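What follows is each chain in one-letter form.
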Amino acid sequence: MKILLIGEYSNVHWTLAEGLRSLGHEVCVASNGDFWKNYKRDISLTRKEGKIGGIKLLLKTLLTLPRFRGYDVVQLINPMFLELKAENLAHIYRYLRKNNKKIFLCAMGMDAYWVEGCTATPPLFRYSDFNIGNTPITNPYIEAQKSGWTGTPKAKLNRHIANDCNGIIAGLYEYYAVYKKAHGDKLTYIPFPINKEEACPTYANNRKIRFFIGINRERSSYKGTDIMLRALERIAHDFPEDCEIVKAESVPFEEYRRMIDSSDVLLDQLYGYSPAMNALLAMSKGKIVVGGAEQECYDILGEQELRPMVNVTPSEQDVYEKLKTLIEHKEMIATMQQESITFVERHHNPQKVAQQYLDFWEKR
């Protein structure tokens, strides 16, 4: 099968491409590398700042379009699959639709369905990036997403692609839930693919626990990192002999990965129900994840046994108490680290995930 993957979030497409290639398929990944993370790709479609940067990217994309013909499958990481205006992407989508056999949309990341699901009355989730119970969360980033994805060209493009494409793949329980009502007939859930690397559980001998937290300066409050960091700093103050903080602020992926290697516990995705790519990468290395791990994420996987993650609710005090439990019960760490490795091997093997994609693409 000849496959084109356009766009990138957290290395999903490149990792999927590696799984597909190992099964004998021809794959091309075209993306911007997910901004500063700079993930691998076959065709680089990056945008420089300013209006001129947008014009140059549009010209480069138009010149590249002849290379985007004749594929069995084209998959878009998001309706805004390149850093271009929605009006321009609508024309590019039509070209891709006309010149390839099948086209699929990933339900991953911010889009109109996510905003609608999280701002519904009552809210679809007990908590999310947008709400805690019936109480909305307000900050400049969230308000910008609400206005950007409601009644705008981006929202129109999202709904057109969702209605027109051959199928939609959700990578998390949450994304599956927001698309299910409108597009359940063409929707599936497939776990994220995670490359198996050498596991490196580092905790031993009752030493300090190294807690790792990654901070995206632009989206810290949106992801809840600000709350998790406050709880972690309280732990470091109250248990200075037991806690060490490793903090990464908007670093490239390779440096981020090295920092995870030297840590024991990762704090990630306060408002999530499921572990995403960063958390799963850490788990594959034998790290414990503190973050979103609600029962729904295990149910959609059909996982009856393993519970390796430390689930927290969006409360500074709850995060504090869960971290305190880890410190007071260090004897749990080795078992949880091994369960993390087993969990990723069981559900996120790239070849297994790639085959799930192939099966869905073929039947659609």
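The sections below set out a description of the structure shown in this document. Being a predicted model, the structure only gives us computed values, none of them experimental.

## Some words on the layout of surface pockets
Reasoning step 1: The calculated volume of the second largest pocket comes to roughly 290 Å³.
Reasoning step 2: Together, 20 residues line the second largest pocket, and Asn11, Tyr39, Phe253, Glu254 and Arg257 are the ones closest to its centre.
Reasoning step 3: For the lining of the second largest pocket, the secondary-structure elements that each account for two or more residues are α1 (12-22), α10 (253-261) and α11 (277-284).
Reasoning step 4: Along the lines of polarity and charge, the residues of the lining of the second largest pocket split into 8 nonpolar, 6 polar and 6 charged.

## Side note on helix α7 (residues 173-183)
Reasoning step 1: Turning to α7, its buried residues are Glu174, Tyr175, Ala177, Val178, Tyr179 and His183.
Reasoning step 2: On its buried face, α7 is in contact with β5 (102-107), α4 (112-119), α6 (153-164), β8 (167-170) and β9 (187-189).

## Topic: the packing of aromatic side chains
Reasoning step 1: Inspection of every chain in the model, using the stated rule, returns 12 aromatic pairs.
Reasoning step 2: Aromatic pair phenylalanine 125 and tyrosine 173: ring centres 6.5 Å apart, planes at 75°, arrangement edge-to-face. One end of the pair, phenylalanine 125, is in the loop between α4 and β6 (131-132); the other, tyrosine 173, is in helix α7, and 48 residues separate them in sequence.
Reasoning step 3: Ring pairs connect the aromatic residues Trp114, Phe125, Tyr127, Tyr173, Tyr175 and Tyr273, which therefore count as one cluster.
Reasoning step 4: The ring of tyrosine 71 has lysine 2 sitting right over it, with the charged end atom 4.8 Å from the ring centre.

## Re the environment of methionine 1
Reasoning step 1: Its place among the elements puts methionine 1 in the segment before β1 (2-6).
Reasoning step 2: On the basis of relative accessibility, which here comes to 29%, the residue methionine 1 falls in the partly exposed class.
Reasoning step 3: Taking the C-alpha atoms as reference points, methionine 1 and tyrosine 127, 126 residues apart in sequence, are found 40 Å from one another.
Reasoning step 4: If we skip the residues at most four places from it in the chain, methionine 1 touches His25, Glu26, Asp72, Val73, Leu358, Trp361 and Glu362.

## Structural notes on the packing of helix α3 (residues 86-99) against α6
The angle between the axes and the distance between the axes are what describe a pair of packed helices.
Reasoning step 1: Remark: α3 packs on α6, axes separated minimally by 9 Å, with the N-to-C direction vectors making an angle of 15°. The angle between the axes of α3 and α6 places the two elements in the roughly parallel class. Remark: the crossing between α3 and α6 carries left-handed chirality. Mapping the contact onto sequence places Ala86, Glu87, Leu89, Ala90, Tyr93 and Arg97 in α3 and Pro153, Lys154, Leu157, His160, Ile161 and Asp164 in α6.

## A word on the side chain of threonine 61
Reasoning step 1: With respect to the helices and strands, threonine 61 occurs in helix α2 (residues 50-64).
Reasoning step 2: When its relative accessible area of 1% is taken as the criterion, threonine 61 is described as buried.
Reasoning step 3: Only 2.8 Å separates the side chain of threonine 61 from the backbone oxygen of leucine 57, close enough to count as a polar contact.
Reasoning step 4: Excluding residues that lie within four positions of it along the chain, threonine 61 makes contacts with Leu45, Leu82, Leu84 and Ile92.

## What about empty space enclosed by the protein?
Reasoning step 1: With the rule as written, the count across this model stands at 1 cavity of 30 Å³ or more.
Reasoning step 2: By volume, the largest cavity is sized at about 70 Å³.
Reasoning step 3: Looking at the largest cavity, the residues that line it are Gly171, Leu172, Tyr173, Tyr189, Ser274, Pro275, Leu280, Cys297, Ile300, Leu301 and His348.
Reasoning step 4: The class makeup of the residues in the lining of the largest cavity is 8 nonpolar, 3 polar and no charged.

## Overview of the sheet that holds strand β11 (residues 243-249)
Reasoning step 1: The 5 strands lie next to each other as β11-β10-β12-β13-β14, forming an open sheet whose pairing is parallel. Each end of this open sheet is capped by a strand with a single partner; those strands are β11 and β14 (310-311).
Reasoning step 2: The sheet contact formed by strand β10 (residues 209-215) and β11 spans 7 bridges and is parallel. Bridging across to β11, phenylalanine 212 finds its partner in valine 246.
Reasoning step 3: Relative to β10, helix α9 (residues 225-238) is tilted by about 155°, and along the sheet it contacts β10, β11, β12 (265-268) and β13 (288-291).
Reasoning step 4: Its contacts with the sheet put helix α13 (residues 316-328) on β10, β11, β12, β13 and β14, and the angle it makes with β10 is roughly 150°.

## A few points about the pairing of β1
Reasoning step 1: The buried fraction of β1 is high, at 4 of 5 residues.
Reasoning step 2: With 5 bridges joining them, β1 and strand β2 (residues 26-31) adopt parallel strand pairing. When the sheet's bridge partners are listed, isoleucine 6 is paired in β2 with alanine 30.
Reasoning step 3: Viewed along the sheet, the connection from β1 through α1 into β2 turns out right-handed.

The rules behind each value
Starting afresh in each chain, residues are numbered from 1 along the sequence in its written order. Predicted model: local features are reported for residues with pLDDT of at least 70 only, side-chain atom pairs are reported and counted for 80 or more only, and whole-chain, interface and lining totals are derived from all residues. With hydrogens and water set aside, each side-chain value is computed from the structure's full complement of heavy atoms. Space inside and on the surface of the protein is sampled on a 1 Å grid over the protein atoms alone, with a cavity defined as a set of points where a 1.4 Å probe fits but cannot get out and a pocket as an open set with protein on both sides within 12 Å along at least 5 of 7 lines; lining residues have an atom within 4 Å of a point. Grid points are joined across faces, edges and corners, and a volume is the space filled by probe spheres set on the points. Only DSSP runs of H or I covering at least 4 residues are called helices, and only runs of E covering at least 2 are called strands; the numbering of each starts at the N terminus. All residues other than Ala, Val, Leu, Ile, Met, Phe, Trp, Tyr, Cys, Pro, Asp, Glu, Lys and Arg, Gly among them, are scored as polar; the first ten of these are nonpolar and the last four charged. Accessibility here uses a 1.4 Å probe with only protein chains present; expressed as a share of the type maximum, an area under 20% marks a residue as buried, one over 50% as exposed, and anything in between as partly exposed. Here a residue-residue contact requires only that any non-hydrogen atoms of the pair lie within 4.5 Å. Stacked, edge-to-face and tilted labels apply to pairs of Phe, Tyr and Trp rings (six-membered ring for Trp) whose centres lie within 6.5 Å, assigned for plane angles under 30 degrees, over 60, and everything in between, in that order. Charges are assigned to positions over rings by a cutoff of 6 Å between ring centre and Lys NZ or Arg CZ, combined with an angular limit of 35 degrees from the ring normal. Here the axes come from fitting lines to C-alpha atoms, over the contacting stretch only for helices, and the angles between their N-to-C directions go from 0 to 180 degrees. By the definition adopted for this analysis, an angle is roughly parallel if under 35 degrees, roughly antiparallel if over 145, roughly perpendicular if from 65 to 115, and oblique otherwise. Two helices crossing with the near one rotated counterclockwise from the far one by less than a right angle form a left-handed crossing, whereas a clockwise rotation gives a right-handed crossing. Each polar contact in these results corresponds to two N or O atoms within 3.5 Å; when the atoms are within protein, one needs to be able to donate a hydrogen and the other to accept it, and residues that are neighboring in sequence are counted only if both atoms are side-chain atoms. Here a strand pair is declared whenever DSSP counts at least two bridges between the two strands. A crossover gets the label right-handed when its path from the first strand over the helix to the second runs clockwise, viewed with the strands pointing away from the viewer.

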